[in-house]
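Remarks on the overall topology
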Amino acid sequence: MNKVYMISVFAENKPGRLERVTKVLAEANINILAFSITSTNGFGVIKFMVNKWKEAYDLLREKGFTVSLNEAIGIEMKDQPGGLYEVVKILSSKGINIESASVYVAETRKRAYLIVEVEDTSKAKELLKDENLKFLNPEEIQ
Amino acid sequence: MTGAKRGDILQNSMTYGLFTGAFVMHYGAEKIGILVIPAGPGNTERQINLMRDFGTTMLHITPSYALYVASVIYDKGIDPRRDLKLKRAYLGAEPYSEETRKKIEDMLGIDIYNCYGLTEMNGPGVGFECKYKEGLHIWEDNFLMEVINPETGEPIPDGEIGELVLTTLNREAMPLIRYRTRDLTKIISEPCKCGRTHRRISRILGRSDDMFIVKGVNIFPQQIEQVLMSIKGVAQNYQIVLESYDEMTVKVEIDRELFDGKIERLIRMKDEIVDKIRSATMVKPKVELLEPGTLPISEGKAKRVIDNRTI
Ligand SMILES: [Zn+2]
């Protein structure tokens, strides 16, 4: 199972923060495939899955953003009612706690993936290896 | 006292000019055969280049600027233990906490000694730490020292915190009698391990006029600094903003290197800051986590308290 990554950026809750980050990515022609924002009183973390993650990470760091690269797992969801439920049910039955989640819809193949960050990615992968799940291959998004 | 000797190279990053801090150290160092680089503060790139090119072994610098220079050294990928020859630094001109000293010592792999002085008393060197770093010996053959209650003006016993008052004993043209320094400290009268008999004072805990009052409680910025430096994930720069008499806001930058993308950890860290400041000061603060580089960088004396209150 290959690795996919989420890029996390720390941001104060102020106007223009998301714009600044996305501008950097846009200008470098980096494609955002999935993203989520978690925010609390005063600050938040913006998470992206992009096609060129290493390049995006280096670039954001160089531009002075507070950024980290986090390993994630992409799990295919069936395009039918209960698709998300099926995946989440398996994760919770294995005791895997989802720390962050976002959705990636692969436009060309009409598939959707749940992208999750968990506490221990290798352990989670080990627990999931015998389940009937399809995982997102990083080559599919580059 | 701290091991400095002929052959050492001192980079003097204090302000030259009307401030005595740089000159006293400059001439003192020259007197014992130390090469002095009169770098002055600021221009951090050049500071680091000087350290490398001259093989600087000692720094004379303010604590806030030392922290900043150390962080730039890291950002540039320089390993101070491998790429620089620094052995020790003399820090003075503004109060700072023991945690800050340890942090800079660890970052740069050096020993840091406190130096105390004031322009009115000829500048630095009124008090100096010996190698045990347990308070600053005051040259009692040159200064008569007392500690008083800043509100009543009455002397207080050794070991209690108050305002340091100095009288010059050898100065001829302009003797000063019972000069109020506004610096808060306490006298340590126990003998020092080094054998010197001059009594010591504790590190300067603040200025009697830096103190601010929130909810009727007296607070010193150093109390807050001590808390922040003890928490992992917080960067060195901080600011206390006062908008009203019953609330204080503490702004801290997060540490770029320790950011791991997990918001839960940031929330826990913020709660920890609130709790620890509350137990240190008895006042529950508002805490704002900021992106690194948001607060003004200090080159010289840092302005930590922004008081926007009107009466
Ligand atoms: Zn001593």
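The text that follows walks through the structure, step by step, so that each part is easy to find. The written sequence of each chain sets the order in which its residues are numbered from 1. Whichever chain is written first is A, and whichever ligand is written first is 1; the rest continue in order. Thresholds applied to this predicted model are a pLDDT of at least 70 for local features of residues and 80 or more for the giving and counting of side-chain atom pairs; totals over whole chains, interfaces and linings are not thresholded and use all residues. Side-chain descriptors were evaluated using all non-hydrogen atoms of the structure, hydrogens and water having been removed beforehand.

**Let's talk about the overall build of chain B**
- Along the backbone of chain B there are 7 helices and 19 strands.
- Only protein chains enter the calculation, and the probe is 1.4 Å; a residue is then buried if its accessible area is under 20% of its type maximum, exposed if over 50%, and partly exposed in between. Put simply, chain B has 311 residues, and 51% of those count as buried.
- A sequence separation of at least 24 residues applies to 61% of the contacts in chain B between residues at least 6 apart.
- For the accessible areas, the method is Shrake-Rupley and the probe is 1.4 Å, while residue cover comes only from the protein chains on display. When the accessible area of chain B is evaluated, it comes to approximately 14600 Å², of which 52% is carbon and sulfur surface. Strands are runs of DSSP state E lasting at least two residues, helices are runs of H or I lasting at least four, and both sets are numbered from the N terminus onward. Only heavy atoms matter for contacts: two residues are in contact if any of them lie within 4.5 Å across the pair.

**Some details on the overall build of chain A**
- Secondary structure assignment for chain A yields 4 helices and 6 strands.
- Helices (α) and strands (β) of chain A occur, in sequence order from the N terminus, as β-α-β-β-α-β-α-β-β-α.
- Taking all 142 residues of chain A together, 46% fall into the buried category.
- Taking as baseline every contact in chain A between residues at least 6 positions apart, the subset at least 24 positions apart corresponds to 69%.
- Surface summary for chain A: the accessible area is close to 7800 Å², and the carbon and sulfur share equals 46%.

**Focus on the sheet that holds strand β4 (residues 67-77) of chain A**
- Strand order in the open sheet formed by 6 strands is β2-β3-β1-β4-β6-β5 (chain A), and the pairing between neighbours is antiparallel. Two strands bound the open sheet, and with one partner strand each, they are β2 (32-39) and β5 (98-106) of chain A. Going from strand to strand, the sheet's axes swing by 30° on average, the running direction of each strand aside.
- Any two strands with at least two DSSP-identified bridges between them are counted as paired. Here β5(A) runs beside strand β6 (residues 111-118) of chain A; their pairing, made up of 8 bridges, is antiparallel. Residue pairing in the sheet places A:I98 in a bridge with A:V118 of β6(A).
- Structural elements are reduced to axes, namely lines fitted to C-alpha atoms, with helices fitted over the stretch in contact, and the angle between N-to-C directions of any two is expressed from 0 to 180 degrees. Of the strands in this sheet, β4 and β6 of chain A touch helix α4 (residues 121-128) of chain A, which is tilted by about 10° from β4(A).
- In the packing of helix α7 (residues 263-281) of chain B onto the sheet, contacts are made with β1 (4-12), β2, β3 (43-50) and β5 of chain A, and the angle to β3(A) comes to roughly 165°.

**Structural notes on the coordination of the zinc ion**
Residue and element names in this part refer to chain B.
- In this description, a donor is an N, O or S atom within 2.8 Å of the metal centre, a cutoff extended to 3.2 Å for sodium, potassium and calcium. Water is not part of the atom list, which can make sites seem incomplete. Summarising the metal site, the zinc ion is bound by the protein donors C130 (SG), H137 (NE2), C192 (SG) and C194 (SG), whose distances to it range over 2.0 to 2.3 Å.
- For four-coordinate sites, all angles between 85 and 135 degrees define a tetrahedron; for four- and six-coordinate sites, opposite donors beyond 155 degrees with the remaining angles between 65 and 115 define square planar and octahedral shapes respectively, and all other cases count as irregular. If you look at the zinc ion, its 4 donor atoms make angles of 104 to 114° with each other, and the shape they trace is tetrahedral.
- Donor residues for the zinc ion sit on one chain with the sequence pattern C-x6-H-x54-C-x1-C.
- By relative accessible area, which is 0% here, H137 ends up buried.

**With respect to the interface of chain B and chain A**
- With 17 residues of chain B at the contact, the number on the chain A side is 23 residues.
- In short, buried area is how much 1.4 Å probe accessible area vanishes from two parts on joining, totalled over both. Counting the surface lost from both chain B and chain A, the interface buries some 1600 Å², and carbon and sulfur atoms represent 53% of this.
- On the chain B side of the interface with chain A, the three residues burying the most area are B:R256, B:F259 and B:E291, jointly 37% of the side's total.
- By salt bridge we mean one thing: a side-chain nitrogen of Lys or Arg within 4 Å of a carboxyl oxygen of Asp or Glu. Remark: the boundary between chain B and chain A carries 4 salt bridges.
- Across the pair A:E99 and B:K262 runs a salt bridge whose closest N-O atoms are separated by 2.9 Å.
- Whenever two N or O atoms come within 3.5 Å, that pair is a polar contact, provided that in protein one can donate a hydrogen and the other can accept it, and provided that, for residues adjacent in sequence, both atoms are side-chain atoms. Summed over the shared surface of chain B and chain A, the result is 12 residue pairs in polar contact (both at pLDDT 80 or more).
- Counting residues per element, the ones that place at least two in the side of chain B that touches chain A are α7 and β18 (286-290) of chain B.
- A per-class count over the side of chain B that touches chain A returns 8 nonpolar, 2 polar and 7 charged. Residues are sorted three ways: Asp, Glu, Lys and Arg are charged, Ala, Val, Leu, Ile, Met, Phe, Trp, Tyr, Cys and Pro are nonpolar, and all the rest, Gly among them, are polar.

**A short note on the sheet that holds strand β1 (residues 9-12) of chain B**
Residue and element names in this part refer to chain B.
- Pairing is mixed across the open sheet formed by 9 strands, whose spatial order is β2-β1-β3-β4-β5-β6-β7-β12-β11. Bordering the open sheet on either side are β2 (35-37) and β11 (187-188), each of which pairs with just one other strand.
- Both strand β5 (residues 111-118) and strand β6 (residues 123-129) contribute to a ladder of 4 bridges, which runs antiparallel. When the bridges of β6 are listed, G117 appears paired with P124.
- Across the face of the sheet, helix α1 (residues 20-31) comes into contact with β1, β2, β3 (58-61), β4 (88-91), β5 and β6 while running at roughly 65° to β6.

**Description of helix α1 (residues 17-27) of chain A**
All names here are of chain A.
- Of all the residues in α1, the buried ones are R17, V21, V24 and L25. The buried side chains of α1 occupy one side of the element, clustering within an arc of 95° when seen end-on. Turned more than 90 degrees off the buried face of α1, the exposed positions are E19, A26 and E27.
- The secondary structure elements touched by the buried residues of α1 are β1, β2, β3 and α2 (53-62). An arc is given here, and it is the one of the directions from the helix axis to the C-beta atoms.

**Points about unusual backbone geometry**
All names here are of chain B.
- A positive phi angle, close to 85°, is found at N122, a residue other than glycine.
- Of note, N122 is situated in the loop between β5 and β6.
- Given the relative accessible area of 43%, N122 is considered partly exposed.

**Re helix α5 (residues 98-108) of chain B**
Residues and elements named next belong to chain B.
- Every buried residue belonging to α5 is among T100, R101, I104, E105, M107 and L108, and all of these are buried. End-on view of α5: buried residues confined to an arc of 165°, all on one side of the axis.
- With its phi angle positive at about 65°, G109 sits one or two positions after the end of α5.

**A few points about a nonpolar patch on the surface**
- Together, A:L18, A:F35 and A:I37 make up an exposed nonpolar region whose accessible area comes to about 260 Å².
- Here A:F35 is to be found in strand β2. Nonpolar side chains (Val, Leu, Ile, Met, Phe, Trp, Tyr) are joined into patches within 5 Å and like charges within 9 Å, using only residues with over 30% relative accessible area and no salt bridge.

**So, the pattern of salt bridges**
- Evaluation of the coordinates by the stated rule reveals 35 salt bridges over all chains.
- Note that A:R17 and A:E12 form a salt bridge whose closest N and O atoms lie 3.7 Å from each other.
- The residue B:D111 makes a salt bridge to B:K133 at a minimum N-O spacing of 2.7 Å. Residue B:D111 is located in strand β5, and its partner B:K133 is located in the loop between β6 and β7 (136-138); the two are separated by 22 residues in the primary sequence.
- Relative accessible area serves as the criterion here: at 33%, B:D111 is assigned to the partly exposed category.
- For B:K133, a relative accessible area of 21% corresponds to the partly exposed category.
- Here the residues in one salt-bridge network are A:E12, A:K14, A:R17, A:R20 and B:E291, joined through shared partners.

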